[in-house]
Amino acid sequence: MKDIPASEFQKKVNELLVRHKSVIDTLSKMQESTAKVNRSVCKAVTYCGCLSINAARQTYPTDASWKECRESMDTHLTGELCESCRESIEEKIGDNLFYLAAICSLLDMNMEELFGKELERLKTLGYFRLY
């Protein structure tokens, strides 16, 4: 798929945003769509079984380089999403992106500019802006 600028996506969302034009509605739909993403991932584990979670305390060498620490961290996931679960999660994340774009539009913010600003913060702060 070709690269689609965030501004084009945001413009299309703004054209289609009718029922949830209120910022209150949009915020609550964003939260609901986030919960659906979480639920779809959980269902991939508990219902389908294509993914497994084996969580334990993260351990990393204290005398290692940043790269070595990053590579030693575990996702706690094993397996691979099946096509059905992948489609479901992609759809839910797409809905989430829709409401994110809607919130940006309602607040007169440009997603592409936000991506650029956040990328610059990440480049500038590097490891000091850990998530």
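For the structure, check the block above.
Residues numbered from 1 in each chain as written. Predicted model: local features only at pLDDT ≥ 70, side-chain atom pairs only at ≥ 80, totals over all residues. Heavy atoms only, no water.

J.: Give a detailed account of a nonpolar patch on the surface, specifying residues and quantitative values.
T.: On the surface, Val-23, Ile-24, Leu-27, Leu-107, Met-109 and Leu-114 cluster together to form a nonpolar patch covering roughly 520 Å² of accessible area. Examining the composition of the nonpolar patch, we find that three residues originate from one element, helix 2 (residues 23-48), more than from any other. Among the secondary structure elements, Val-23 is positioned in helix 2. (Patch = residues over 30% accessible without salt bridge, like charges linked within 9 Å, V, L, I, M, F, W, Y side chains within 5 Å. Areas by Shrake-Rupley, 256 points an atom, 1.4 Å probe, with all protein chains shown as cover. Salt bridge = Lys/Arg side-chain N within 4 Å of Asp/Glu carboxyl O. Helix = DSSP H or I, 4+ residues; strand = E, 2+ residues; numbered from the N terminus.)

J.: Lay out helix 2 in plain terms, naming residues and giving numbers.
T.: Here helix 2 is 26 residues long and its end C-alpha atoms lie 36 Å apart, about the 38 Å a rise of 1.5 Å per residue gives. Along helix 2, the helix axis deviates most sharply at Cys-42, where the bend reaches about 30°. Inspection of helix 2 places Thr-26, Met-30, Ser-33, Val-37, Ser-40 and Ala-44 among the buried residues, and these make up the whole buried set. Among the structural elements, strand 1 (51-53) and helix 4 (83-106) are those in contact with the buried residues of helix 2. The residue sitting at the N-terminus of helix 2 and contributing the capping side-chain oxygen is Ser-22; that oxygen lies 3.2 Å from the backbone nitrogen of Ile-24. (Expected span 1.5 Å × (residues − 1). Bend = angle between axes of the 7 residues up to and from the residue. Buried < 20%, exposed > 50% of the residue type's maximum accessible area, 1.4 Å probe, protein only. Contact = heavy atoms within 4.5 Å. Polar contact = N/O pair within 3.5 Å; in protein donor to acceptor, adjacent residues only side chain to side chain.)

Function-wise, these values are silent; they only describe arrangement.
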